[in-house]
Amino acid sequence: SQQGEEDPQALSIQEGENATMNCSYKTSINNLQWYRQNSGRGLVHLILIRSNEREKHSGRLRVTLDTSKKSSSLLITASRAADTASYFCAFDYIPTFGRGTSLIVHP
Amino acid sequence: DAGITQSPRHKVTETGTPVTLRCHQTENHRYMYWYRQDPGHGLRLIHYSYGVKDTDKGEVSDGYSVSRSKTEDFLLTLESATSSQTSVYFCAISEAAGGNGGTDTQYFGPGTRLTVL
């Protein structure tokens, strides 16, 4: 199994702005998932994108996947203070997680 | 929310004592995982199970053992706890893992905060 590398490590924005975070990986994947972790809580699954998909939407979330660059991005539009959390990417078989992106949304 | 509970939720113990953490699921998922989370390291996989009595090591398995005698329970044991094992431990489950079958989505428990003095 491989570990993704999220970038940036920390992101601070104002409520209403968009937040973009990226995930890079090294070997081919079948699918990629994004998770959110609120402080002191377990991870919560946000969205899964398969290797034959290029873009996927779920509410205010937009995920893109570029398999040629081995990278994915998560866009959160019109951020809210409640979006403050850490965000992680993970990959198909026996998921492992990187250090995540810590997002702070200021009201 | 997926039916996953962890017990205890908090534990303080002393170096050298044995500790067992329990993960219980009501989803009948095949795969179960134990992770630890430490500042600056993200989540690291300790052990996982792909069925009753079927387990394998993760990236940080030294000092830990696991057992799964029933689908619903996955136990993590620290045979002789050390201060370096002070951490937050998360259990996760998934219906499937790998390939194009199943969702691979993991569902996490609330975590156990373990302090080894």
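Residues numbered from 1 in each chain as written. Chains lettered and ligands numbered in written order. Predicted model: local features only at pLDDT ≥ 70, side-chain atom pairs only at ≥ 80, totals over all residues. Heavy atoms only, no water.

A. Representation of the state of the cysteines within the structure. Here the structure, examined in full by the defined rule, presents 2 disulfides over all chains. What pairs with Cys23(A) in a disulfide is Cys89(A), and their sulfur atoms sit 2.0 Å apart. Of note, the bridge from Cys23(A) to Cys89(A) carries an S-S torsion of about 75° and is right-handed in sense. In this pair, Cys23(A) sits in strand E3 (residues 19-24) while Cys89(A) sits in strand E9 (residues 85-91), placing the two residues 66 residues apart along the sequence. Covalent S-S linkage joins Cys23(B) and Cys91(B), the inter-sulfur distance amounting to 1.9 Å. Where Cys23(B) bonds to Cys91(B) through sulfur, the torsion about that S-S bond is close to -70°, and the disulfide is left-handed. One end of the pair, Cys23(B), is in strand E3 (residues 19-25); the other, Cys91(B), is in strand E9 (residues 87-94), and 68 residues separate them in sequence. Given a relative accessible area of 0%, Cys91(B) falls into the buried group. (Disulfide = S-S within 2.5 Å. Helix = DSSP H or I, 4+ residues; strand = E, 2+ residues; numbered from the N terminus. Buried < 20%, exposed > 50% of the residue type's maximum accessible area, 1.4 Å probe, protein only.)

B. Broad picture of the sheet that holds strand E8 (residues 73-78) of chain B. Residues and elements named next belong to chain B. On the basis of which strands lie adjacent, the open sheet formed by 4 strands has the order E1-E3-E8-E7 and antiparallel pairing. The sheet is open, and its two borders are formed by strand E1 (4-7) and strand E7 (64-70), each paired with just one other strand. Averaged over all adjacent pairs, the angle separating strand axes in this sheet is 20°, with direction ignored. Note that E3 and E8 share 6 bridges and pair antiparallel. The residue bridging Arg22 from the neighbouring strand is Leu75, located in E8. (Pairing = 2+ DSSP bridges. Axes fitted to C-alpha atoms, helices over the stretch in contact; angles between N-to-C directions.)

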